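Remarks on the overall topology
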Amino acid sequence: MPVPLPLDECVSPLWFAPVFRQYLWGGRRLGEVLGKPIGPEGRFAESWEVVDHGADQSTVEWGWSGSNSLAGQTLRELMSGRGASLIGPNWLAEIHSDRYPTALQGRFPLLVKWLDAQQNLSLQVHPNNEQAAQQSPPDLGKSEAWYVADALPGSRVYAGLLPGVGPAECEAAMQAGRLQEILNSYCPQVGDCIYIPAGTIHAIGAGLLVAEVQQASDTTYRLYDWDRRGDNGLPRPLQANQAMAVADWQRGPVPPVVP
């Protein structure tokens, strides 16, 4: 039987202030569709709803522990003082174990965000836990899942590679400028959920509004950026070697999750 927490340690539902990210592929739907308090100008790409990742911290706007207001506290502070109340004692023990790099122990294990893709995101891949732990500084791996909340006509996701595509075929396609021809892509439906394990080559396509639940990591290796240029007029940097090194070449096509 689970041991009940003392009343003064019980935490109410918490309301966090969003942390916004502006990238060249973002738009305005975070405000127009979701009612987020974005400014009057700018390309708002992501709204981080729950995050405990270094300096990126969710801050409580509303919530209580017993009779004490938690407003103003960061998720890192809550995890330090009330971690068992938030994620339970078993998960708290897990994230303090030696399976996590010392610098990452105690971090809230998930990052929840909204994404407004007005352009394609870069074709990218994320490392798994073991690979990310070797970075400097170390990070968690990044498996993620997308929930499609809105999809304009013709919007696509790029999830995995076509059957039989390995590193040699991918390298040849990159050299020939034909990378899109080896990607598994399809037009998702509103309500689809797509699970992207670490190592999967993927991209969210233009026109999609997506809720994402992922590991608390911000490590991304770009393999391809659709030949576009950043705000400085230069191509955005790629990390093709790192992407190829962490890609899971056995993954193949990734369809939506079957409920």
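What counts and how
- Residues numbered from 1 in each chain as written.
- Predicted model: local features only at pLDDT ≥ 70, side-chain atom pairs only at ≥ 80, totals over all residues.
- Heavy atoms only, no water.
- Pairing = 2+ DSSP bridges.
- Helix = DSSP H or I, 4+ residues; strand = E, 2+ residues; numbered from the N terminus.
- Axes fitted to C-alpha atoms, helices over the stretch in contact; angles between N-to-C directions.
- Buried < 20%, exposed > 50% of the residue type's maximum accessible area, 1.4 Å probe, protein only.
- Polar contact = N/O pair within 3.5 Å; in protein donor to acceptor, adjacent residues only side chain to side chain.
- Disulfide = S-S within 2.5 Å.

Pairing between the strands of a sheet is mediated by backbone hydrogen bonds and can be parallel or antiparallel. The sheet built from six strands is open, its strands ordered 2-3-9-16-11-14 with antiparallel pairing. Because the sheet does not close on itself, it has two edges, and the strands there are strand 2 (19-27) and strand 14 (193-196). Between one strand and the next, the sheet's axes are offset by a mean angle of 25 degrees, whatever the strand orientation.

Following the sequence through the fold, Thr 219 ends up in the loop between strand 16 (208-215) and strand 17 (221-224). Here Thr 219 falls in the buried class, since its relative accessible area comes to 8%. Here Asp 139 takes part through its side chain, which lies 2.8 Å from a polar atom of the side chain of Thr 219.

Our next topic: the environment of Gln 214. Considering the arrangement of structural elements, one finds Gln 214 in strand 16. For Gln 214, a relative accessible area of 1% translates into the label buried. A sequence separation of 71 residues divides Gln 214 from Ser 143, and the C-alpha atoms of the two residues are 5.7 Å apart. A distance of 3.2 Å separates a polar atom in the side chain of Gln 214 from a polar atom in the side chain of Lys 113.

Enumeration over the complete set of coordinates arrives at zero disulfides. With no disulfide partner, Cys 187 has as its closest neighbouring cysteine sulfur the one in Cys 193, 18 Å distant. Given the relative accessible area of 37%, Cys 187 is considered partly exposed. For Cys 193, a relative accessible area of 29% gives the class partly exposed.

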